[in-house]
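# Structure assessment
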Amino acid sequence: MNDKLKRLARFAVAAPLGAAFAWIGVEHFIDPQKFDDIVPPYLGWPRFWTLASGVFEVVLGLGLVVPATRARSARWLVCLVILMSLANINMWWNDVAFNGTRFGPTGHLIRFTIQLVLLVTLWWLGRRVSSPSASDAR
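Quick summary incoming for the structure in this document.

### Some points on the layout of surface pockets
The volume enclosed by the largest pocket comes to roughly 1,200 Å³. Lining of the largest pocket is provided by 42 residues; of these, Val81, Met84, Ser85, Ala87 and Asn88 occupy positions nearest its centre. Listed by contribution, the elements that provide at least two residues to the lining of the largest pocket are helix 1 (3-30), helix 2 (32-36), helix 3 (46-65), helix 4 (67-93) and helix 5 (104-126). Here the lining of the largest pocket gets 13 residues from one element, more than from any other, and that element is helix 4. For the lining of the largest pocket, the residue count by class is 31 nonpolar, 7 polar and 4 charged.

### Quick notes on the packing of aromatic side chains
Under the definition given, this model contains 2 aromatic pairs. An angle of 75° between the planes, with centres 4.8 Å apart, marks the rings of Phe48 and Trp49 as edge-to-face. Using a relative accessible area of 48% as the deciding quantity, one classes Phe48 as partly exposed. Here the guanidinium or amino end of Arg10 rests over the ring plane of Trp124, the centre of that ring lying 4.7 Å away. Taking the ring centre of Phe103 as reference, the NZ or CZ of Arg111 above it sits at 4.9 Å.

### Observations regarding helix 4
With 27 residues, helix 4 extends 38 Å from end C-alpha to end C-alpha; this agrees with the ideal 39 Å at 1.5 Å per step. Along helix 4, the sharpest kink reaches roughly 25°, centred on Ser73. For helix 4, the set of buried residues is Arg70, Ala71, Ser73, Ala74, Leu77, Val78, Leu80, Val81, Ser85, Ala87, Asn90 and Met91. Buried positions along helix 4 lie against helix 1, helix 3 and helix 5. Remark: Asp95 follows helix 4 within two positions and exhibits a positive phi of approximately 50°.

### With respect to the pattern of salt bridges
Here the idea is simple: oppositely charged side chains can pair when their charged atoms come close. Considering all chains together, one arrives at 3 salt bridges under this definition. Where Arg47 meets Asp36, a salt bridge forms, and the shortest distance between an N and an O atom there is 2.6 Å. Here Arg47, found in helix 3, pairs with Asp36, found in helix 2; they are 11 residues apart in sequence, far enough to count as distant. For Arg47, a relative accessible area of 38% corresponds to the partly exposed category. Classification of Asp36 by relative accessible area gives buried; the value is 9%.

### Topic: helix 1
Every α-helical turn comprises 3.6 residues, leaving residues that sit three or four positions apart pointing alike. Between its first and last C-alpha atoms helix 1 spans 40 Å; for 28 residues at 1.5 Å apiece the expected length is 40 Å, and the two agree. Buried residues of helix 1: Arg10, Ala14, Ala15, Leu17, Gly18, Phe21, Ala22, Gly25, Glu27 and His28, and no others. Buried positions along helix 1 lie against helix 2, helix 3, helix 4 and helix 5. Looking at where helix 1 begins, the residue whose side-chain oxygen comes 3.1 Å from the main-chain nitrogen of Lys4 is Asn2.

Conventions and cut-offs
- In this numbering scheme, every chain counts its residues from 1 along its sequence in written order.
- Per-residue local features of the predicted model are confined to residues with pLDDT of at least 70, and side-chain atom pairs are confined, for both listing and counting, to 80 or more; whole-chain, interface and lining totals are unaffected and use all residues.
- The side-chain numbers reported here are obtained from all heavy atoms of the structure, hydrogens and water having been left aside.
- Residues are called lining when one of their atoms sits within 4 Å of a cavity or pocket point, these points coming from a 1 Å grid over the protein atoms alone, where a cavity is a set in which a 1.4 Å probe fits but cannot get out and a pocket is an open set with protein on both sides within 12 Å along at least five of seven lines.
- Grid points are joined across faces, edges and corners, and a volume is the space filled by probe spheres set on the points.
- Strands here mean DSSP runs of E at least two residues long; helices mean DSSP runs of H or I at least four residues long; both are numbered from the N terminus.
- Note that Gly is not counted as nonpolar here; it falls among the polar residues with everything else outside the nonpolar set of Ala, Val, Leu, Ile, Met, Phe, Trp, Tyr, Cys and Pro and the charged set of Asp, Glu, Lys and Arg.
- To pair, rings of Phe, Tyr and Trp, with the six-membered ring standing in for Trp, must have centres within 6.5 Å; the planes then decide the type, stacked if under 30 degrees apart, edge-to-face if over 60, and tilted in the middle.
- Throughout, exposure labels follow a simple rule: accessible area from a 1.4 Å probe, protein chains only, divided by the maximum for the residue type, with under 20% read as buried, over 50% as exposed, and the rest as partly exposed.
- Whether a charge sits over a ring comes down to the Lys NZ or Arg CZ being within 6 Å of the ring centre and within 35 degrees of the ring normal.
- Here the expected length of a helix is defined as 1.5 Å per residue gap, with one fewer gap than residues.
- The seven residues ending at a residue and the seven starting there each receive a fitted axis; the angle between those axes is the bend at that residue.
- Contacts are assigned to residue pairs that have any heavy atoms within 4.5 Å of one another.
- Salt bridges are identified by distance alone: a Lys or Arg side-chain nitrogen within 4 Å of an Asp or Glu carboxyl oxygen.
- Within 3.5 Å is the distance limit for a polar contact, defined as a pair of N or O atoms, with the added protein rule that one can donate a hydrogen and the other accept it, and that residues adjacent in sequence qualify only through two side-chain atoms.

Right, here's the structure in full:
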């Protein structure tokens, strides 16, 4: 696959994924209680974690859309998604509802699978793509 096609493929994946992260981040401010509820009790201060993760999701999500910041944003999002797994594990182990919904074993396995696919996708987006050569600018 040539570099132009790679960049186009990355943008086609990064733009909607970045928009989704940014929107979910905004949701942390619109309805923070549903996110507060899944913060593991041992972390304390659920609202702090909800709002902090919301800020990171908005900033890094928008960073996925911009080619100059895409790789770095994707790498930071890998870290953020792994850290946010604490909430997902808490939901699964303690049968905590998210926004009034309990997922059950199958639902949690589906969420876990989606999270793995998300991490692989972010890893792929986090890899550097060569810059366009001078001949590509013509």
